[in-house]
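Now for the letters of each chain:
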Amino acid sequence: MSHHTHTWPRLETRVHRIACHFCDSHHLVDLIEEGQAAHCRQCGQVLYRNRKSSLAKAGAFGITAFCLLLTALLFPFISMDVFGNKSSISVPGAITSLWTSGGTFIAVSMAVFVVILPFTMISCLLYLCIPLLIGRTLPFASPIMCGFQMLQPWVMVEVFFLGAMISLLKLVKLAEIDLGIGFWSIAGLMFCLAGAVGGIDKVELWDRIELAKSRRRPA
Amino acid sequence: MSRVRESALQAGLVGCHTCLKVSAASQHQCDRCGSHLHARKKRSIEHTIAFGIAGILAFIPANLLPIMVVTQLGVEENSTIIGGVATFWSMHAYPVAIIIFIASVMIPGLKFIAIAILVAAAKGYLKIDPQQANRIYWLTELVGRWSMVDVFVVAILVGLIQMGNLMTIRPGGAAVAFGLMVILTMLSAHSFDPRLIWDRLRIPKQP
Ligand SMILES: [Zn+2]
Ligand SMILES: [Zn+2]
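What counts as what
- Residues numbered from 1 in each chain as written.
- Chains lettered and ligands numbered in written order.
- Predicted model: local features only at pLDDT ≥ 70, side-chain atom pairs only at ≥ 80, totals over all residues.
- Heavy atoms only, no water.
- Helix = DSSP H or I, 4+ residues; strand = E, 2+ residues; numbered from the N terminus.
- Rg over C-alpha atoms; globule rule 2.2 N^0.38 Å.
- Contact = heavy atoms within 4.5 Å.
- Areas by Shrake-Rupley, 256 points an atom, 1.4 Å probe, with all protein chains shown as cover.
- Lys, Arg positive; Asp, Glu negative; His and termini not counted.
- Charge placed at Lys NZ, Arg CZ, Asp CG, Glu CD.
- 1 Å grid on protein atoms, 1.4 Å probe; cavity = no way out; pocket = protein on both sides within 12 Å on 5 of 7 lines; lining within 4 Å.
- Points joined across faces, edges and corners; volume = space filled by probe spheres on them.
- Nonpolar A, V, L, I, M, F, W, Y, C, P; charged D, E, K, R; others polar.
- Donors = N, O, S within 2.8 Å, 3.2 Å for Na, K, Ca; no water.
- Buried < 20%, exposed > 50% of the residue type's maximum accessible area, 1.4 Å probe, protein only.
- Domains from an automatic or database assignment.
- Buried area = accessible area lost by both parts, 1.4 Å probe.
- Salt bridge = Lys/Arg side-chain N within 4 Å of Asp/Glu carboxyl O.
- Tetrahedral: all angles 85-135°; square planar, octahedral: opposite > 155°, others 65-115°.
- Pairing = 2+ DSSP bridges.
- Axes fitted to C-alpha atoms, helices over the stretch in contact; angles between N-to-C directions.

### Here's the deal with the overall build of chain B
Thought 1: A count of helical and extended segments in chain B gives 7 helices and 5 strands.
Thought 2: Helices (α) and strands (β) of chain B occur, in sequence order from the N terminus, as β-β-α-β-β-α-α-α-α-β-α-α.
Thought 3: Against the compact-globule benchmark of 17 Å for 207 residues, chain B has a radius of gyration of 22 Å, which places it well outside the compact range.
Thought 4: Taking the principal axes of its C-alpha atoms as reference, chain B extends roughly 75 × 35 × 25 Å.

Dropping the structure here:
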């Protein structure tokens, strides 16, 4: 039995070797307790963290983010009223409106960075986290985890939200603005994505996947 | 500076860039995640420079061309990013003016300088504290995506303001240039391998 009762399960419970992804110094790292982080002895960068109830947190934030993304797609984002001239857009509405008014590139980037990639990333995370809660993995867990990591820098919901704030400041003088359910869903989505992605370390996810896979294989 | 720790590469090991598992350098594929193993990112400097130059080329039209074309009661008006900053400034909306200026002009500009510093350090033309280089690299990766904010502002305004004869907004050429610039600089930063800077400190110790 290990003393490290709070450490996530690993395939090998002894000290393991890890190379810093900033300076490539390699160290033998002991298992770390919940709330702790292992730092590189050369450059001080975080090698990995052990976060509290990480798997449950990532799963819960992931499911909430999934639902919020759906509501953001269905409900109006911003409505405005200029001299009785009402107009209102939803996120997909804005994308189609851009497409038809000649902004093909912007329409595509908005669809990709704000809808398609976040949707794919959350789906990947849930596909991994939910079965891992009972110590299992579904087929293709490894390539899906690789995809999840690759997508992270390209999910720009929070940047879109800052863009929405700036647009509002531009519009406030021009018209009466109403914020719709879609707007608040995007705000919530931003927090849930941060919670889901920041809630679990990739090293922990890989360790858990590795262990679950070894269990699935016949002994 | 004290002796720099031995790298995995020097010890005949290779750390997986995806899952961090350490394998023997002779191995080509990671046991755990299936990724191709390579001690340093492949052709890192070449890719960083190529994407960086492409990004600078896109940065020029991004600032010169109009980002939006506003047609109000039949009168067409082009607005550029700098023009937008000036408008907010004259409206006394200083925080907004500053945010737009930082996100769309300063961050991209500083990012090109940061990438140039990192490449120069990795090639050995420039001596900088590697800790500082780590910080620059980390910031460059973190901050790049925020420049996309201009593209999203245009997206929202164009989507929202289509009021027939009263007022319409079309995206201008700068919106495309800007989006491309952000994507290219993100790829440039992503191609860079900070290990190359640390390797420079280790070379003299090797006989
Ligand atoms: Zn390090
Ligand atoms: Zn791997």
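### Description of the overall build of chain A
Thought 1: Looking only at helices and strands, chain A features 7 helices and 7 strands.
Thought 2: In sequence order, chain A lays out its α and β elements as β-β-β-β-α-β-β-α-α-α-α-β-α-α.
Thought 3: Expected size for 219 residues packed as a compact globule is a radius of gyration near 17 Å; at 21 Å, chain A overshoots this value by more than 25%.
Thought 4: Overall, chain A is about 75 × 40 × 30 Å in size when its C-alpha atoms are taken along their principal axes.
Thought 5: Put simply, 63% of the contacts in chain A that link residues at least 6 apart link residues at least 24 apart.
Thought 6: Only carbon and sulfur atoms are counted for the fraction: they give 65% of the accessible area of chain A, which is about 10100 Å².
Thought 7: Taken as two groups, the 18 positive and 13 negative side-chain charges of chain A have centres that lie 5 Å from each other.

### Regarding the layout of surface pockets
Thought 1: Approximately 660 Å³ is the volume attributed to the second largest pocket.
Thought 2: The wall of the second largest pocket is formed by 30 residues, among which A:Lys170, B:Met68, B:Val70, B:Ser79 and B:Thr87 lie closest to the centre.
Thought 3: Elements that contribute at least two residues to the lining of the second largest pocket include exactly α5 (157–171) of chain A together with β3 (68–72), β4 (75–79), α2 (81–90), α3 (94–123), α5 (149–160) and β5 (167–171) of chain B.
Thought 4: Residue composition of the lining of the second largest pocket, grouped by class: 18 nonpolar, 8 polar and 4 charged.

### Looking at the coordination of the zinc ion (ligand 1)
All names here are of chain A.
Thought 1: Only Cys20 (SG), Cys23 (SG), Cys40 (SG) and Cys43 (SG) from the protein coordinate the zinc ion (ligand 1), and they sit 2.3 Å from it.
Thought 2: The sequence pattern formed by the donor residues of the zinc ion (ligand 1) is C-x2-C-x16-C-x2-C. Accessibility assignment for this pair places Cys40 and Cys43 in one class, buried.

### Observations regarding the environment of B:Ile99
Thought 1: Relative to the helices and strands, B:Ile99 is located in helix α3.
Thought 2: For B:Ile99 and B:Val85, which are 14 residues apart along the polypeptide, the C-alpha to C-alpha distance reads 8.9 Å.

### Here's the deal with the domain arrangement of chain A
All names here are of chain A.
Thought 1: When cut into domains, chain A gives domain 1 (1–50) and domain 2 (54–216).
Thought 2: Counting residues at the interface gives 8 residues for domain 1, matched by 8 residues for domain 2.
Thought 3: For the domain 1 and domain 2 pair, buried surface summed over both sides reaches about 820 Å², with 64% attributable to carbon and sulfur atoms.
Thought 4: Interface area lost by domain 1 to domain 2 is led by Trp8, Pro9 and Leu11, which between them contribute 62%.
Thought 5: The tally of links between domain 1 and domain 2 comes to 0 salt bridges.
Thought 6: Its residues assigned to classes, the side of domain 1 that touches domain 2 comprises 5 nonpolar, 1 polar and 2 charged.

### Quick word on the coordination of the zinc ion (ligand 2)
All names here are of chain B.
Thought 1: Surrounding the zinc ion (ligand 2) are the protein donor atoms Cys16 (SG), Cys19 (SG), Cys30 (SG) and Cys33 (SG), which sit 2.2 to 2.3 Å from the metal.
Thought 2: Note that the zinc ion (ligand 2) binds 4 donor atoms; their angles at the metal cover 101 to 119°, and the shape is tetrahedral.
Thought 3: Each donor residue of the zinc ion (ligand 2) belongs to the same chain, and together they define the spacing C-x2-C-x10-C-x2-C. Taken together, the residues span a long stretch of sequence, with Cys16 in the loop between β1 (13–15) and β2 (22–24) and Cys30 in the loop between β2 and α1 (44–64) at a distance of 14 residues. Of the two residues, Cys16 and Cys30, neither departs from the other in class, the shared state being buried.

### Remarks on the sheet that holds β4(B)
Residue and element names in this part refer to chain B.
Thought 1: Strand order in the open sheet formed by 3 strands is β4-β3-β5, with antiparallel pairing between adjacent strands. Strand pairing shows two members of the sheet lacking a second neighbour, β4 and β5, which therefore form its edges. Direction aside, neighbouring strands of the sheet carry axes that sit 20° apart on average.
Thought 2: Pairing between β3 and β4: 5 bridges, direction antiparallel. By the bridge assignment for β4, Gln72 is matched with Val75.

### Quick notes on the pattern of salt bridges
Thought 1: Tallying each qualifying case throughout the model produces 10 salt bridges over all chains.
Thought 2: As a salt-bridge pair, A:Asp207 and B:Arg32 come within 2.5 Å of each other at their nearest N and O atoms. Residue A:Asp207 is found in helix α7 (residues 202–216), and its partner B:Arg32 is found in the loop between β2 and α1; the two belong to separate chains.
Thought 3: Since its relative accessible area comes to 1%, A:Asp207 is described here as buried.
Thought 4: Among the charged side chains, a salt-bridge network with shared partners connects A:Asp24, B:Arg40, B:Asp199 and B:Arg202.

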